[in-house]
Amino acid sequence: MSAYPLPGVYFFLAFAFVSSLYYFQLWSLITLYVILTLLFLLFVVVPILWKTSYTMQRMFLFLNFVRYPYNVDLAKPSQAGIKGGMNFYIDTEDGARLGTWHILPQHLAEEGDKLSKLEKKDRFDEWVRNGDPVVLYMHGNSGTRAASHRVDLYKVFQKLNFHVVAVDYRTYADSIGEELSENTTVTDGKAVFKYFHQRVQNDRLFVWGHSLGTGVSSHFVSELEEEGILAAGLMLEAPFNNIRDEVREFPLTQMFRFLPYFDYCFLDSLADHGLYFASDKNLLKTTVPILILHAEDDKIIPLKLGKLLHEAVRKRGDKYISDMKTFPAKHHYGHKFICRAPELPELIENFKTASMNNFKNRIS
């Protein structure tokens, strides 16, 4: 037998090699096609969709379709671990109906839990007129007024004997109304503020905004002041200076930043659809005392945007109260958990006192 392969073996090996080259080239072409298609979809189609579709912008900006927690009956605040809570609804001028919680101060909570829903309703006006401060909480995007980090903050205020008012914007949770927009969230905030303004002295009615809620609250507080209705103070947790800069800095948009048409597609289009949330401009028109709270490790809204907002509001002048407190990254408060800061109650209490003392100067 020959020690060398037969000619048929050479032919087979040659055929296998040529075939492998063919299939390798074929799969390479397919892979290249898939990659190019994905890149086209990601860096051409997505920017065009964002530029032209208000539905897409609204979906990602508001995230109102995310309704966690799912196991809480919003008609029963106690299911979220709240004592002294009552659920009711506030109607807006344009026909929306807003799901709202009124949470009693700690010294009234036990009494409130002993009463029926009808009895609580009868006592409502008496309670909110009792002299305790009231804080209106405007939440960020996604979730409901029952989200755990929000409930934790309510409890901080409750222990400080604030009345807490937590509301869901239209189309969030059990709130109903027409299309969601910056203007309609501002309408919602104004409706709730005015509802309590009719029952509470101005120097006791505060507003707390978180994340997107800082843009909402800054806007409606500004509009109310133009109408002669003053908030006692505005507390902004994890704020941004304007939505244009926030979208630029948002983690999901970083992959698009290199595109020469990034500003045109992703930023200019926000104004095309009436989305500004320009707190840095809105607050310049106010006299409201402002407290800004921001964590250094906030990955959703970078600390630098909170600092830019603080620099903007300081342009109002030294006679207007504005302060900023940052929380070191080592505490890991991130975007949602400043409520865990042990110094937060004292910060709120000091701000409340300074704001109430300053109120008479603002109306003189």
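All of the points below concern the structure found in this document. Note that the coordinates shown come from a computational prediction; the quantities given were computed from them, not determined experimentally.

## Quick look at the sheet that holds strand 6 (residues 233-237)
Argument step 1. Ordered by their spatial adjacency, eight strands build an open sheet running 1-2-4-3-5-6-7-8, and the pairing between neighbours is mixed. Each edge of the open sheet carries a strand with a single partner, namely strand 1 (85-91) and strand 8 (322-327). In this sheet, neighbouring strand axes are inclined to one another by 20° on average, regardless of whether the strands run parallel or antiparallel.
Argument step 2. Examined bridge by bridge, strand 6 and strand 7 (residues 290-295) share four bridges and lie parallel to one another.

## Some thoughts on the packing of helix 5 (residues 148-159) against helix 12 (residues 344-363)
Argument step 1. In contact at an axis separation of 10 Å, helix 5 and helix 12 are set at 55° when each is read in the N-to-C sense. It follows from the interaxial angle that helix 5 and helix 12 lie oblique. By crossing handedness, the relation of helix 5 to helix 12 is classed as right-handed. Residues Leu 153, Val 156 and Phe 157 of helix 5 form the contact with helix 12, whose participating residues are Leu 344, Pro 345 and Ile 348.
Argument step 2. Residue classes in the contact of helix 5 with helix 12 are distributed as six nonpolar, no polar and no charged.

## Points about the nonpolar core
Argument step 1. Counting residues in each nonpolar core, the largest one holds 59 residues, and the members touching the most others are Phe 62, Phe 193, Phe 196, Phe 220 and Phe 277.
Argument step 2. Apart from residues lying up to four places away in sequence, Phe 220 is in contact with Leu 136, Met 138, Val 186, Gly 189, Lys 190, Phe 193 and Val 207.
Argument step 3. Formed by 34 residues, the second largest nonpolar core is a distinct cluster that contains Val 72, Val 151, Ala 232 and Leu 293.

## Here's the deal with the layout of surface pockets
Argument step 1. By volume, the largest pocket amounts to about 690 Å³.
Argument step 2. In this structure, the largest pocket is lined by 30 residues; those nearest its centre are Phe 60, Leu 61, Asn 141, Phe 250 and Leu 252.
Argument step 3. Secondary-structure elements contributing two or more residues to the lining of the largest pocket are helix 1 (7-52), helix 2 (54-62), helix 5 and helix 8 (243-249).
Argument step 4. Grouping the constituent residues of the lining of the largest pocket by class yields 19 nonpolar, eight polar and three charged.
Argument step 5. Its volume calculated, the second largest pocket comes out at about 240 Å³.
Argument step 6. Met 86, Asn 87, Phe 88, Tyr 89, Lys 117, Leu 118, Lys 121, Phe 124, Asp 125, Tyr 195 and Arg 199 are the residues that line the second largest pocket.

## Quick word on a nonpolar patch on the surface
Argument step 1. Taken together, the side chains of Ile 30, Tyr 33, Val 34, Leu 38, Phe 40 and Leu 41 define a hydrophobic patch exposed on the protein surface, amounting to about 600 Å² of accessible area.
Argument step 2. With respect to the helices and strands, the residue Leu 41 is situated in helix 1.
Argument step 3. On the basis of relative accessibility, which here comes to 40%, the residue Leu 41 falls in the partly exposed class.

## Digging into the packing of aromatic side chains
Argument step 1. Taken as a whole, this structure holds 20 aromatic pairs when the rule is applied.
Argument step 2. Ring centres 5.7 Å apart and planes at 70° place the aromatic pair Phe 43 and Phe 256 in the edge-to-face group. Here Phe 43, found in helix 1, pairs with Phe 256, found in the loop between helix 8 and helix 9 (262-272); they are 213 residues apart in sequence, far enough to count as distant.
Argument step 3. Measuring from centroid to centroid gives 6.2 Å for Phe 124 and Tyr 195, while their planes differ by 50°, and the two rings are tilted.

## Details of the side chain of Arg 145
Argument step 1. Relative to the elements of secondary structure, Arg 145 occurs in the loop between strand 3 (134-138) and helix 5.
Argument step 2. Given the relative accessible area of 0%, Arg 145 is considered buried.
Argument step 3. One polar contact links Arg 145 to Asn 87, side chain to side chain, over a distance of 2.7 Å.

## A word on the pairing of strand 4 (residues 163-167)
Taken residue by residue, a regular strand's side chains alternate between the two faces of the sheet.
Argument step 1. Strand 4 sits mainly inside the fold: five of its five residues count as buried.
Argument step 2. Residues His 163, Val 165 and Val 167 point to one face of strand 4 and Val 164 and Ala 166 to the other, with burial holding for every one of them.
Argument step 3. Taken together, the four bridges between strand 2 (residues 97-103) and strand 4 define a ladder with antiparallel strand orientation. Among the inter-strand pairings, Trp 101 is bridged to a residue of strand 4, identified as Ala 166.
Argument step 4. Sheet analysis places strand 3 next to strand 4, joined by five bridges and oriented parallel. Opposite Met 138, over in strand 4, you have Val 167 as the bridge partner.
Argument step 5. Taking the sense of rotation as the criterion, the β-α-β connection linking strand 3, helix 5 and strand 4 turns out right-handed.

## Digging into the pattern of salt bridges
Argument step 1. Across all of its chains, the model carries 20 salt bridges by this definition.
Argument step 2. A salt bridge links Asp 125 to Arg 199; the nearest nitrogen and oxygen atoms lie 2.9 Å apart. Placement of Asp 125 in helix 4 (residues 117-128) and of Arg 199 in the loop between helix 6 (182-197) and strand 5 (205-210) is noted, with a sequence separation of 74 residues between them.
Argument step 3. The exposure class assigned to Asp 125 is partly exposed, which follows from its relative accessible area of 28%.
Argument step 4. With relative accessibility at 17%, the residue Arg 199 sits in the buried group.
Argument step 5. We note a salt bridge from Glu 227 to Lys 190, for which the minimum N-O separation is 3.0 Å. Note that Glu 227 is positioned in the loop between helix 7 (212-226) and strand 6 and Lys 190 in helix 6, a separation of 37 residues in sequence.
Argument step 6. Exposure remark for Lys 190: the relative accessible area of 15% places this residue in the buried category.

## Re unusual backbone geometry
Argument step 1. Cis geometry marks the peptide bond from Tyr 68 to Pro 69; its omega dihedral reads -10°.
Argument step 2. Turning to its location among the elements, Pro 69 is positioned in the loop between helix 2 and strand 1.
Argument step 3. A positive phi is found at Ala 238, a non-glycine position, where the angle reads about 55°.
Argument step 4. Relative to the assigned elements, Ala 238 resides in the loop between strand 6 and helix 8.

The rules behind these values
- Residues numbered from 1 in each chain as written.
- Predicted model: local features only at pLDDT ≥ 70, side-chain atom pairs only at ≥ 80, totals over all residues.
- Heavy atoms only, no water.
- Pairing = 2+ DSSP bridges.
- Helix = DSSP H or I, 4+ residues; strand = E, 2+ residues; numbered from the N terminus.
- Axes fitted to C-alpha atoms, helices over the stretch in contact; angles between N-to-C directions.
- Parallel < 35°, antiparallel > 145°, perpendicular 65-115°, else oblique.
- Left-handed = near helix turned anticlockwise from the far one by under 90°.
- Contact = heavy atoms within 4.5 Å.
- Nonpolar A, V, L, I, M, F, W, Y, C, P; charged D, E, K, R; others polar.
- Core = buried A, V, L, I, M, F, W, Y, C linked by side-chain atoms within 4.5 Å.
- Buried < 20%, exposed > 50% of the residue type's maximum accessible area, 1.4 Å probe, protein only.
- 1 Å grid on protein atoms, 1.4 Å probe; cavity = no way out; pocket = protein on both sides within 12 Å on 5 of 7 lines; lining within 4 Å.
- Points joined across faces, edges and corners; volume = space filled by probe spheres on them.
- Patch = residues over 30% accessible without salt bridge, like charges linked within 9 Å, V, L, I, M, F, W, Y side chains within 5 Å.
- Areas by Shrake-Rupley, 256 points an atom, 1.4 Å probe, with all protein chains shown as cover.
- Salt bridge = Lys/Arg side-chain N within 4 Å of Asp/Glu carboxyl O.
- Phe/Tyr/Trp six-rings, centres within 6.5 Å; stacked < 30°, edge-to-face > 60°.
- Polar contact = N/O pair within 3.5 Å; in protein donor to acceptor, adjacent residues only side chain to side chain.
- Right-handed = clockwise from strand over helix to strand, strands pointing away.

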